[in-house]
Amino acid sequence: MLQNLIFPKRGICEEAELYFHIRMGKAVLQEEGLFLEQGSLVDFFSYFNSFSAGKWWEYTTVREVEAVLICHGRCRISLYRTRLRPESGVLYTEKVAEGADKVRFCCDSPEWIYYFEAEAQEDILICGGGYQVNTPLKNRVVNLAIGICTYRREEYVQRTIRNLSDHILQNRESGLCGHVHVFVSDNGGTLSKEELNNEFVHVVSNKNAGGAGGFGRCMLETMKVQERCGFTHILLMDDDIILEPEAVFRTWQMLSLLKEEYQGHLLGGGLLRLDIPYIQHENSAQWQGDRIIFPKQGYDLSERYAVVANEERKLVNYCGWWYCCIPITERFEHALPMPFFIHRDDIEYGLRYRGRIITLNGISVWHDAFDHRRASSMVYYDIRNALICNAIHYPEYSAKDAKKYVFKNMFGHLMKYRYEDQKLTLRALEDFCRGTAFLSSRDPVGLHQEIMAMGYKQTDVSCVLEECNVEDYYIRPEPKDLYKRTGSSLVNGILLNGWFLPGKRKCIPIPFGAPHKEFFRCKRVLLFDPDSKQGFLVERKWRQFFVTIGRCLRAWRIIRKSYKKAAGDWRENGRRLTTREFWERYLE
């Protein structure tokens, strides 16, 4: 079986239209499967249950496939294939075949997605099925090491381990049993090894060197048992995801059947929103030196059109480490992450692969979408690590480009009255210019404590939000509006977002992720996270406009004096920070 037919599960995802669509009659999800009354019609033209034949044709040796339905009772299945018309972008669908319980088809084009309909000729119970090859194929043996980094999120990581154990690690009926091990880097030292460790689960204590340090630890632990376990890939996952185990199965199957020319590619999983499970936040992305382009952000994957559009090839150059499968080659000991602590580590790693990334519908996780995560410390890591990425991978990225990037961030913080974040931007620039010696010699724990002390401190502001009548200013956007981009007006730009106009007297509550224009003429603002109700107060201060100019001048001098030398150092010596030898010393 290449791909199993799956249904909504309590505790994972209960959005039925990610799995099937009721076309006629009545269908009821039961513990044993999907019950259809006589005369009912359902289709599996969905994110999890359609078959992306074009991707399997392009990347693997699969050619002939059977669509199979396992059910109790008489039914008829009809097989369809669909694609987007290249000239118009309109969805084109045609019927291919029909049968009683299975239908064969060929993967012979990079365009088509296949799905089937089931029509109940009497009351039936659909209890399984999927897409399988009907002739033996030469499989490559694939052994997966799953690496999870966690910091004091015991409940989340224990849930993921239980999920993997129940469906894969301890499930003797799973083809993956014995081929998957889980390595957990416990950066907070709060997990019980006695309770969790077994033949397939390995919890290892680690210093809090951030997400990069945690994933680096997982890679090191994988190397220690490589001779015995023969791992072919390491699959990096966040600790606070919700995982459909079928995603790991499909990953394993695709890896085992890859053509030789694709065996060195990354395989990335999409990120679906925890709060709105059918909305996709990201499905690989493109780093452009000073910004990220998300080609498939905001797709409503309960819609048929989005299912097909999501398999279109787009220009991407990295995939997030909430779900990223990396091949283990003979040079793996020299291919660990950069010690970035947090943020941009997945970008830098992905850039090494120069766009060699595979994605597939149904391979994804649910995760927080980062809408309102705006801790001050992240400013430091975002700026510093972006400059390092650009220095290493974009030799043409000049001092002039760096100035534009830093100045843009300085004035962005000014427009949102986050003056302390300007100090963190300067600190990030200074530390970048200190070169590889600084990053390799500084203790990441001590450095992080310094950075945390520099920024704004978030506290519970729920009472202040009530006093500010937050409901008058903030309404959660509808799913279709989540990713709408609305730029500032020309007037806003000329008036520097109302900086030189009289300010509104009231304290205005604005969520962290809001654009600059929401601050127009605001004098006092309560910045807050709508979910956690954590936040802090900021205020427009005339003096800070001139302080910002001074900080930009200081940044200009630093870049003029040190950027060229520092960038050369990162390009020439950066790879010394990605070796096994370095990481073993770094994590002592």
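Since the structure is predicted, the reported quantities are computational estimates derived from the model, not experimental observations.

J.: Sorry if this is basic, but what is going on with the overall build of the protein chain here?
T.: A count of helical and extended segments in the protein chain gives 17 helices and 28 strands. C-alpha extents for the protein chain along the principal axes are approximately 80 × 55 × 50 Å. Per-residue burial for the protein chain yields a buried fraction of 58% across its 588 residues. Surface accessibility of the protein chain: about 25700 Å² in total, with carbon and sulfur atoms responsible for 49%.

J.: Just checking my understanding: could you explain helix α13 (residues 444-454) for this structure?
T.: Because the α-helix completes a turn every 3.6 residues, residues three or four places apart line up on one side. Inspection of α13 places P444, G446, L447, H448 and I451 among the buried residues, and these make up the whole buried set. Looking at the buried residues of α13, the elements they touch are α9 (376-393), α11 (419-433), α12 (436-441) and α17 (580-586).

J.: Please clarify how the nonpolar core should be interpreted in this entry.
T.: Burial of nonpolar side chains together is a common tendency in soluble globular proteins. F44, F51, F105, I126, V248 and Y323 are the most contacted members of the largest nonpolar core, which totals 92 residues. When residues of this core are assigned to their parent elements, the largest contribution, seven residues, is made by helix α6 (residues 245-257). With sequence-adjacent residues up to four places away left out, Y323 is seen in contact with L235, L236, M237, L243, A247, V248, T251, L267, G268, G269, I363 and V365. If you look at the next biggest cluster of nonpolar residues, it comprises 74 residues, including M338, Y381, F438 and I558.

J.: Explain the sheet that holds strand β19 (residues 280-282) to me, please; I cannot follow it from the model alone.
T.: Adjacent strands of a sheet pair through backbone hydrogen bonds, lying either parallel or antiparallel. Reading across from one edge, β16-β24-β18-β19 is the order of the four strands in this open sheet, with mixed pairing throughout. Each edge of the open sheet is held by one strand with a lone partner, namely β16 (242-243) and β19. Strand direction decides the pairing type here: strand β18 (residues 270-273) and strand β24 (residues 364-367), joined by four bridges, are parallel. Looking at β24, one finds that G270 is bridged to S364.

J.: Explain the pairing of β24 here, please?
T.: Regular strands show a simple pattern: their side chains alternate between the two faces of the sheet. Covered by surrounding structure in β24 are S364 and W366 together with V365 and H367, the residues of both alternating faces. Judged from the two bridges that link them, β16 and β24 form a sheet pairing that is antiparallel. What sits directly across from L243, in β24, is V365.

J.: Explain the side chain of T579 to me, please; I cannot follow it from the model alone.
T.: Within the secondary structure, T579 is located in the loop between α16 (542-573) and α17. Its relative accessible area of 16% is what places T579 among the buried residues.

J.: What should I look at first to understand the packing of aromatic side chains in this one?
T.: The final tally for this structure, using the stated rule, is 35 aromatic pairs. Note on F51 and F105: the rings are 5.9 Å apart at their centroids and 70° apart in plane angle, and the pair reads as edge-to-face. Taken together, the positions of F51 in the loop between β5 (41-43) and α1 (53-59) and F105 in strand β9 (residues 102-106) put the pair 54 residues apart, joining distant regions of the chain. Grouping residues by exposure puts F51 and F105 together as buried. In textbook terms, an aromatic cluster arises when at least three aromatic residues are bridged by ring pairs, as seen for F44, F51, W56, F105, Y114, F116 and Y131. For R434, the ring lying beneath its charged end belongs to F438, and the centroid distance is 5.6 Å.

J.: Before we go on, may I ask you to explain the state of the cysteines in this structure?
T.: Defined simply, a disulfide is a covalent bond joining two cysteines at their sulfur atoms. Enumeration over the complete set of coordinates arrives at zero disulfides. Counting only cysteine sulfurs, C177 is the nearest neighbor of C229, a cysteine outside any disulfide, at a range of 13 Å. In this structure C552 is not part of a disulfide, and its nearest cysteine sulfur, from C433, lies 15 Å away.

J.: Would you mind going over α16 with me for this structure?
T.: Here α16 is 32 residues long and its end C-alpha atoms lie 43 Å apart, about the 46 Å a rise of 1.5 Å per residue gives. In the structure, α16 departs most strongly from a straight axis at S562, where the bend amounts to approximately 55°.

J.: Would you explain a negative patch on the surface in this entry?
T.: Together, E14, E15, E17 and E303 line one region of the surface with negative charge. Judged by its relative accessible area of 42%, E17 is partly exposed.

J.: Help me out: how do you make sense of the pairing of strand β6 (residues 64-72) in this one?
T.: By the bridge criterion, five bridges tie β6 to β9 in an arrangement that is antiparallel. Residue pairing across strands places E64 opposite C106, the latter belonging to β9. Bridging between β6 and strand β11 (residues 124-133) involves eight bridges; their strand directions are antiparallel. Note that in β11 the partner of V68 across the bridge is G130.

J.: Before we go on, may I ask you to explain the environment of I383 in this structure?
T.: Within the secondary structure, I383 sits in helix α9. I383 gets classed as buried once you look at its relative accessible area, which sits at 2%. Counting along the chain gives 41 residues from I383 to L424, while the straight-line C-alpha distance between them is 8.8 Å. The contact partners of I383, leaving out residues within four places of it in the chain, are Y405, N409, T425 and A428.

J.: Can you help me understand the sheet that holds strand β2 (residues 21-24) in this one?
T.: Strand order in the open sheet made by the five strands is β2-β5-β10-β7-β8, with antiparallel pairing throughout. Edge strands, defined here as strands with exactly one partner in the open sheet, are β2 and β8 (91-99). Taken over all neighbouring pairs, the strand axes of this sheet differ in orientation by 25° on average, direction set aside. Pairing analysis gives eight bridges linking strand β7 (residues 75-84) to β8, with the strands arranged antiparallel. The partner of L79 across the bridge, within β8, is A97.

Cut-offs and rules
Residues numbered from 1 in each chain as written. Predicted model: local features only at pLDDT ≥ 70, side-chain atom pairs only at ≥ 80, totals over all residues. Heavy atoms only, no water. Helix = DSSP H or I, 4+ residues; strand = E, 2+ residues; numbered from the N terminus. Buried < 20%, exposed > 50% of the residue type's maximum accessible area, 1.4 Å probe, protein only. Areas by Shrake-Rupley, 256 points an atom, 1.4 Å probe, with all protein chains shown as cover. Contact = heavy atoms within 4.5 Å. Core = buried A, V, L, I, M, F, W, Y, C linked by side-chain atoms within 4.5 Å. Pairing = 2+ DSSP bridges. Phe/Tyr/Trp six-rings, centres within 6.5 Å; stacked < 30°, edge-to-face > 60°. Lys NZ or Arg CZ within 6 Å of the ring centre and 35° of its normal. Disulfide = S-S within 2.5 Å. Expected span 1.5 Å × (residues − 1). Bend = angle between axes of the 7 residues up to and from the residue. Patch = residues over 30% accessible without salt bridge, like charges linked within 9 Å, V, L, I, M, F, W, Y side chains within 5 Å. Salt bridge = Lys/Arg side-chain N within 4 Å of Asp/Glu carboxyl O. Lys, Arg positive; Asp, Glu negative; His and termini not counted. Charge placed at Lys NZ, Arg CZ, Asp CG, Glu CD. Axes fitted to C-alpha atoms, helices over the stretch in contact; angles between N-to-C directions.

Limitation: the analysis is restricted to geometry and does not speak to function.
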